[in-house]
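So the chains spell out like this:
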Amino acid sequence: MFIDFYTTWCAPCKKLEKLIFQNDSIQKIIGKDFVLLKYDAEKDIAFNLSKKHHVSSYPTAIILNQNGYVINRKYGFPGKDLSELSNMVLEFTNKSIELNNENFIIEGYSNTIDISNYPKFYIDFINRTNTKLNISEIDYYFNNTKDKFSEEYFSTLIYFGRDATINLADIVLNNKQRYIDLYGEMDVETLLFFLASAKFKNAISEINQEKYDEAVMFIKKH
């Protein structure tokens, strides 16, 4: 299954839809191996796919195998025209077919969704029922959740790790390889980028040289 996470206001999503998913010849190629599911990422109340897959940029593409496990994912298709976009999409789908033939899955993700395992502030934020951040609530969750490697924790970490006041960056970096083994290098690199950016943002906003030097050392260590 090829899940295309989109929003109604996303210009690249509209270009992908018009040039690729409405193109008969490309539909035939993709349709040989994939079922396409177009999923409005901002209407996530019923099925919770945006929460499970921590979708926050659009378009995001996720490939599931026949048993519902994640094989591959991609953030954005920045092609300018039909040729660039089609090459990018077909490269992604062909790579996914290879991974499927190798019985590869991204190990950290289950093939079910238990929404009760996600924190309320995360659910509310993605459902757009409450987008105001409560930092103490975020800190409490990261401090007190026992399983630091569950998919629910990791998804929340990507979304809100940069907003926490506790030092999550060093914890993630010290466990980098385990996170990569579970969730793949791309998502872990994305998470570390967010956490590093937060370190620099805080140092600059406070005009704090010591914190800035710590951020530089974090980048060097990473």
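For the structure itself, look to the data block above.
Residues numbered from 1 in each chain as written. Predicted model: local features only at pLDDT ≥ 70, side-chain atom pairs only at ≥ 80, totals over all residues. Heavy atoms only, no water.

Caption draft 1: Main features of the overall build of the protein chain. Helix and strand counts for the protein chain stand at 11 helices and four strands. Over its C-alpha trace the protein chain gives a radius of gyration of 19 Å, about what one expects of a compact globule, namely 17 Å for 222 residues. Counting only C-alpha atoms and orienting by the principal axes, one finds that the protein chain spans roughly 55 × 35 × 35 Å. By the burial criterion, 45% of the 222 residues in the protein chain qualify as buried. Partitioning the contacts of the protein chain with sequence separation of at least 6, the portion at a separation of at least 24 is 66%. Put simply, the protein chain shows about 12,200 Å² of open surface, and 52% of that area lies on carbon and sulfur atoms. Taken together, the 26 basic and 30 acidic charged side chains of the protein chain have centroids lying 4 Å from each other. (Helix = DSSP H or I, 4+ residues; strand = E, 2+ residues; numbered from the N terminus. Rg over C-alpha atoms; globule rule 2.2 N^0.38 Å. Buried < 20%, exposed > 50% of the residue type's maximum accessible area, 1.4 Å probe, protein only. Contact = heavy atoms within 4.5 Å. Areas by Shrake-Rupley, 256 points an atom, 1.4 Å probe, with all protein chains shown as cover. Lys, Arg positive; Asp, Glu negative; His and termini not counted. Charge placed at Lys NZ, Arg CZ, Asp CG, Glu CD.)

Caption draft 2: Structural context of the pairing of strand β4 (residues 70-75). Judged from the five bridges that link them, strand β3 (residues 60-64) and β4 form a sheet pairing that is antiparallel. Counted as the bridge partner of Thr60 is Tyr75 from β4. Between the end of β3 and the start of β4, which pair antiparallel, lie five residues, with Gly68 showing a positive phi angle near 90°. (Pairing = 2+ DSSP bridges.)

Caption draft 3: Region of interest: the state of the cysteines. Under the counting rule described, the total for this entry stands at one disulfide. The side chain of Cys10 participates in a disulfide bridge whose partner is Cys13; the two sulfur atoms lie 2.4 Å from each other. With the S-S bond torsion at 80°, the cross-link from Cys10 to Cys13 turns out right-handed. Just as Cys10 is buried, Cys13 falls in that class too. (Disulfide = S-S within 2.5 Å.)

Caption draft 4: Summary view of the packing of helix α6 (residues 135-144) against helix α7 (residues 151-160). Direction vectors running N to C along α6 and α7 enclose 145°, while the axes themselves pass 11 Å from each other. Seen from above, α6 lies across α7 with left-handed handedness. Residues Ile138, Tyr141 and Phe142 of α6 form the contact with α7, whose participating residues are Glu152, Tyr153, Thr156, Leu157 and Phe160. Tallied by class, the residues present in the contact of α6 with α7 amount to six nonpolar, one polar and one charged. (Axes fitted to C-alpha atoms, helices over the stretch in contact; angles between N-to-C directions. Left-handed = near helix turned anticlockwise from the far one by under 90°. Nonpolar A, V, L, I, M, F, W, Y, C, P; charged D, E, K, R; others polar.)

Caption draft 5: Expanded view of α7. With 10 of 10 residues buried, α7 is to be regarded as a mostly interior element. For α7, the set of buried residues is Glu151, Glu152, Tyr153, Phe154, Ser155, Thr156, Leu157, Ile158, Tyr159 and Phe160.

Caption draft 6: Representation of the nonpolar core in the model. Membership of the largest hydrophobic core comes to 44 residues, with the highest contact counts inside it found for Phe5, Phe142, Phe154, Leu157 and Tyr179. Looking at this core, the elements that each hand over two or more residues are β1 (2-6), β3, α5 (120-127), α6, α7, α8 (168-174), α9 (176-183) and α10 (185-205). If near-sequence neighbours (up to four positions away) are discounted, Leu157 is found in contact with Phe142, Leu168, Val172, Tyr179 and Leu191. Counting 16 residues, the second-largest nonpolar core is a separate cluster that includes Ile63, Phe77, Val89 and Leu90. (Core = buried A, V, L, I, M, F, W, Y, C linked by side-chain atoms within 4.5 Å.)

Caption draft 7: Structural detail: the side chain of Asp124. Mapped onto the secondary structure, Asp124 falls in helix α5. On the accessibility criterion, Asp124 (14% relative accessible area) is buried. Looking at Asp124, its side chain comes within polar contact range of the side chain of Lys120, at 2.6 Å. Those residues within four positions of Asp124 in sequence are excluded, and the remaining contacts are Thr129 and Asn130. (Polar contact = N/O pair within 3.5 Å; in protein donor to acceptor, adjacent residues only side chain to side chain.)

Caption draft 8: Expanded view of the packing of aromatic side chains. One pass over the structure, following the stated rule, counts 23 aromatic pairs. An angle of 40° between the planes, with centres 5.7 Å apart, marks the rings of Tyr159 and Phe160 as tilted. The exposure classification of Tyr159 matches that of Phe160, with both residues buried. Among the aromatic side chains, those forming a connected cluster through ring pairs are Tyr118, Phe121, Tyr122, Phe125, Tyr141, Phe142, Tyr153, Tyr159 and Phe160. The ring of Tyr6 carries Lys38 above its face, with NZ or CZ at 4.6 Å from the centroid. The ring of Phe77 carries the charged tip of Lys74 above its face, separated from the ring centre by 5.5 Å. (Phe/Tyr/Trp six-rings, centres within 6.5 Å; stacked < 30°, edge-to-face > 60°. Lys NZ or Arg CZ within 6 Å of the ring centre and 35° of its normal.)

Scope: geometric values only; no functional claims are made or implied.
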